[in-house]
Amino acid sequence: MAGKRSQSASRVLAALELISARQPIGVSALAKLLDEDKSAVQRAVVTLADAGWIRVAPEPPTRWELTAHLFAMAHLPY
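Reading guide: rules and limits
- Residues numbered from 1 in each chain as written.
- Predicted model: local features only at pLDDT ≥ 70, side-chain atom pairs only at ≥ 80, totals over all residues.
- Heavy atoms only, no water.
- Helix = DSSP H or I, 4+ residues; strand = E, 2+ residues; numbered from the N terminus.
- Buried < 20%, exposed > 50% of the residue type's maximum accessible area, 1.4 Å probe, protein only.
- Polar contact = N/O pair within 3.5 Å; in protein donor to acceptor, adjacent residues only side chain to side chain.
- Core = buried A, V, L, I, M, F, W, Y, C linked by side-chain atoms within 4.5 Å.
- Contact = heavy atoms within 4.5 Å.
- Axes fitted to C-alpha atoms, helices over the stretch in contact; angles between N-to-C directions.
- Parallel < 35°, antiparallel > 145°, perpendicular 65-115°, else oblique.
- Left-handed = near helix turned anticlockwise from the far one by under 90°.

Outline the environment of Asp37, supporting the account with residue identities and numerical values.
With respect to the secondary-structure elements, Asp37 resides in the loop between helix H2 (27-34) and helix H3 (38-50). Residue classification places Asp37 among the partly exposed positions, given a relative accessible area of 47%. Sequence spacing of Asp37 and Pro77 is 40 residues, and the spatial spacing of their C-alpha atoms is 38 Å. A polar contact is formed between the side chain of Asp37 and the side chain of Ser39, at a distance of 2.3 Å.

Encoded structure:
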């Protein structure tokens with residue numbers, strides 16, 4: 001498929017996949033695993049949190065985990 005890809009969208013999706021695989025996980029660890037700038041990863045994480053895909057895990061320090069939003073989306077009727 002031709003067209004320009006969105007680096008920001010790719011970063012958000014990659015962050016979501018890593019959070020899913022390694023939850024709970026902090027922004028610093030995500031940035032290191034993604035080999036991305038920490039502030040860019042922070043923006044991706046905030047975007048996911050604002051949209052309801054992830055939340056702060058209950059135990060300090062601040063780390064992120066999936067919400068049930070992903071499971072709700074998987075069970076939507078076509």
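Help me get a handle on the nonpolar core, residues and values and all.
Grouped together as the largest cluster of nonpolar side chains are 18 residues, with contacts concentrated most on Ile19, Leu30, Val41, Val45, Leu48 and Ile54. Those elements giving two or more residues to this core turn out to be helix H1 (7-22), H2, H3 and strand E2 (64-66). Ranked by residue count, the leading element in this core is H1, at 5 residues. Here Val41 is in contact with Arg11, Val27, Leu30, Ala31, Leu34 and Glu36, once residues within four sequence places are set aside.

Go over the packing of H2 against H3, please, and point to the residues and values.
At a closest axis distance of 9 Å, the pairing of H2 and H3 adopts a crossing angle of 115 degrees. With respect to H3, the element H2 is oriented roughly perpendicular. The handedness of the crossing between H2 and H3 comes out as right-handed. Residues Val27, Ser28, Leu30, Ala31 and Leu34 of H2 pack against Lys38, Val41, Gln42 and Val45 of H3.

Let's hear about the environment of Ala57: which residues, and what values?
With respect to the helices, strands and loops of the structure, Ala57 is situated in the loop between strand E1 (54-56) and E2. Taking the relative accessible area as the measure of exposure, Ala57 reaches 8% and is therefore buried. Beyond its immediate chain neighbours, meaning those up to four positions away, Ala57 contacts Pro24, Arg63, Trp64 and Glu65.

With reference to specific residues and values, describe the side chain of Glu65.
Within the secondary structure, Glu65 is located in strand E2. Taking relative accessible area as the criterion, Glu65 reaches 15% and is therefore assigned buried. A distance of 2.8 Å separates the side chain of Glu65 from the side chain of Arg55, its partner in a polar contact. Those residues in contact with Glu65, other than ones at most four positions away along the chain, are Ile19, Gln23, Trp53, Ile54, Arg55, Val56, Ala57 and Pro58.

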